[in-house]
Amino acid sequence: EAQVTQNPRYLITVTGKKLTVTCSQNMNHEYMSWYRQDPGLGLRQIYYSMNVEVTDKGDVPEGYKVSRKEKRNFPLILESPSPNQTSLYFCASSTGTGGREETQYFGPGTRLLVL
Amino acid sequence: GQNIDQPTEMTATEGAIVQINCTYQTSGFNGLFWYQQHAGEAPTFLSYNVLDGLEEKGRFSSFLSRSKGYSYLLLKELQMKDSASYLCAPRRHSNYQLIWGAGTKLIIKP
């Protein structure tokens, strides 16, 4: 089954304690992305990756890091989480070809609470 | 800016038809996605228009005019399960980045 998985699904942590949210896709997609979603706001892109070892900042990258060492995985790292990073996070992947059959798949989401 | 404009909320009746509009600035975008999102869940893909015109997929159709920066999602034979938010997202040509609207919350009444 084609899917994007994220772990953990729910996380409560404290300010300053480093954490990693994993994301993995089994569709051999080149393009992967991290978003956060907050009430009343649209999805905002944090970072994206167009291929292995190629990452770039999205609209709200401050306080986050990513890596893309292999095609299937795209972890999101919060080195020193702060309460304003409390949010619902989504990982997504797509072929990235831009063609007619382009489809973007989302992971189930990770709900993060930073105290 | 990159304003993506969608109505905040719409209400429709079960069995009816509803059209959700989306407008965006035209520069630098190529293609547009529509997603459905139920509260607390991940967005799910509905359609992707890369060419102008109407794409029909079952009860859902999506239209795009790139020159006008305009798209709409048409939902027919509405069902209660269609109550959700509908997200419009044009795609930037240069880096494939999607720019998301805040979404339209659709409420279906019996």
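No experiment lies behind these values; they were computed from the predicted model shown. All residue numbers refer to positions counted from 1 along the written sequence of the respective chain. All chains are assigned letters beginning with A, and all ligands numbers beginning with 1, in the order in which they are written. A pLDDT threshold of at least 70 governs which residues receive local features in this predicted model, and a stricter bar of 80 or more applies before side-chain atom pairs are shown or counted, although totals over entire chains, interfaces and linings include all residues. To get the side-chain values, all heavy atoms of the structure are used, and hydrogens and water are removed first.

Describing the overall build of chain A
Moving on, step 1. Secondary structure is summarised from DSSP: a helix means a run of H or I of at least four residues, a strand means a run of E of at least two, and numbering begins at the N terminus for each. When you go through chain A residue by residue, the secondary structure sums to zero helices and eleven strands.
Moving on, step 2. Starting at the N terminus, the α and β elements of chain A follow one another as β-β-β-β-β-β-β-β-β-β-β.
Moving on, step 3. In this setup the radius of gyration rests on C-alpha atoms only. A globule is expected at 2.2 Å times the number of residues raised to 0.38. In terms of C-alpha radius of gyration, chain A reaches 14 Å, essentially the compact-globule figure of 13 Å for 115 residues.
Moving on, step 4. Considering only C-alpha atoms, chain A reaches an extent of 45 × 30 × 25 Å along its principal axes.
Moving on, step 5. A buried classification covers 50% of the 115 residues belonging to chain A.
Moving on, step 6. The long-range fraction of contacts in chain A, counting pairs at least 24 apart against all pairs at least 6 apart in sequence, stands at 53%.
Moving on, step 7. In the form shown here, chain A has an accessible surface area of approximately 5,500 Å², with 51% of it arising from carbon and sulfur atoms.
Moving on, step 8. Asp and Glu count as negative and Lys and Arg as positive, but His and the ends of the chain are not part of the count. For the purpose of locating charges, the reference atoms are NZ of Lys, CZ of Arg, CG of Asp and CD of Glu. If the 13 positive side-chain charges of chain A are averaged to one point and the 11 negative ones to another, these points end up 6 Å apart. Exposure classes here rest on a 1.4 Å probe applied to the protein chains alone. A residue is buried below 20% of its type maximum, exposed above 50%, and partly exposed in between. For this analysis, residues touch if any pair of their heavy atoms sits within 4.5 Å. Each accessible area value is a Shrake-Rupley result obtained with a 1.4 Å probe; residue values ignore everything except the protein chains displayed when judging cover.

Topic: the sheet that holds strand β6 (residues 53-57) of chain B
Residues and elements named next belong to chain B.
Moving on, step 1. At least two bridges found by DSSP between two strands are what make those strands a pair. Spatial strand order, β1-β3-β8-β7-β6: five strands in an open sheet with antiparallel pairing. At either margin of the open sheet sits one strand with a lone partner, and together these are β1 (4-5) and β6.
Moving on, step 2. As judged from the six bridges shared by strand β7 (residues 60-65) and strand β8 (residues 70-75), these two strands associate in the antiparallel manner. If you follow Phe-63 over to β8, its bridge partner there is Tyr-72.

Re the pattern of salt bridges
Moving on, step 1. Salt bridges, as used here, are contacts in which a Lys or Arg side-chain nitrogen is within 4 Å of a carboxyl oxygen on Asp or Glu. Following the criterion strictly, the structure yields eight salt bridges over all chains and no others.
Moving on, step 2. With a shortest N-O distance of 3.9 Å, Lys-18 of chain A and Glu-79 of chain A are connected by a salt bridge. With Lys-18 of chain A in the loop between β2 (10-13) and β3 (19-25) and Glu-79 of chain A in the loop between β8 (76-78) and β9 (87-94), this pair connects stretches of sequence that are 61 residues apart.
Moving on, step 3. Arg-59 of chain B is the partner of Asp-82 of chain B in a salt bridge, and the nearest nitrogen-oxygen pair spans 2.8 Å. Note that Asp-82 of chain B is positioned in the loop between β8 and β9 (84-92) and Arg-59 of chain B in the loop between β6 and β7, a separation of 23 residues in sequence.
Moving on, step 4. Among the charged side chains, a network of salt bridges with common partners joins Lys-18, Lys-65 and Glu-79 of chain A.

Some words on the pairing of strand β4 (residues 29-37) of chain B
Residues and elements named next belong to chain B.
Moving on, step 1. In terms of burial, β4 is largely enclosed, as eight of its nine residues are buried.
Moving on, step 2. Two elements, β4 and β9, share seven bridges in a ladder whose sense is antiparallel. Bridged to Gln-37 within β9 is Ser-85.
Moving on, step 3. Both β4 and strand β5 (residues 44-49) contribute to a ladder of five bridges, which runs antiparallel. Residue pairing in the sheet places Trp-34 in a bridge with Ser-47 of β5.

Topic: the interface of chain B and chain A
Moving on, step 1. At the junction of the two partners, chain B supplies 21 residues and chain A supplies 25 residues.
Moving on, step 2. In this assembly, chain B packs against chain A so that about 1,900 Å² is buried in total across both faces, 52% of it on carbon and sulfur atoms.
Moving on, step 3. Interface area lost by chain B to chain A is led by Tyr-96, Gln-97 and Trp-100 of chain B, which between them contribute 27%.
Moving on, step 4. In this assembly, chain B and chain A are joined by zero salt bridges.
Moving on, step 5. Within 3.5 Å is the distance limit for a polar contact, defined as a pair of N or O atoms, with the added protein rule that one can donate a hydrogen and the other accept it, and that residues adjacent in sequence qualify only through two side-chain atoms. Where chain B packs against chain A, one counts five residue pairs in polar contact (both at pLDDT 80 or more).
Moving on, step 6. Broken down by element, the side of chain B that touches chain A gets its largest block of residues, three residues, from β4 of chain B.
Moving on, step 7. Here the side of chain B that touches chain A is built from residues that sort into 13 nonpolar, five polar and three charged. Buried area: the sum, over both parts, of the accessible surface (1.4 Å probe) that disappears when the two are put together. Residues are grouped as follows: Ala, Val, Leu, Ile, Met, Phe, Trp, Tyr, Cys and Pro are nonpolar; Asp, Glu, Lys and Arg are charged; every other residue, Gly included, is polar.

Section: the side chain of Ser-33 of chain A
Moving on, step 1. Following the sequence through the fold, Ser-33 of chain A ends up in strand β4 (residues 31-37).
Moving on, step 2. A distance of 2.7 Å separates a polar atom in the side chain of Ser-33 of chain A from a polar atom in the side chain of Gln-45 of chain A.

Some remarks on the state of the cysteines
All names here are of chain A.
Moving on, step 1. By disulfide we mean two sulfur atoms from cysteines, separated by a distance within 2.5 Å. For the structure shown, the criterion picks out two disulfides over all chains.
Moving on, step 2. Note on cysteine connectivity: Cys-23 is disulfide-linked to Cys-91, with sulfurs 1.8 Å apart. Handedness here is read from the sign of the S-S torsion; for Cys-23 and Cys-91, about -70°, the answer is left-handed. Here Cys-91 lies in strand β9 and Cys-23 lies in strand β3, a separation of 68 residues in the sequence.

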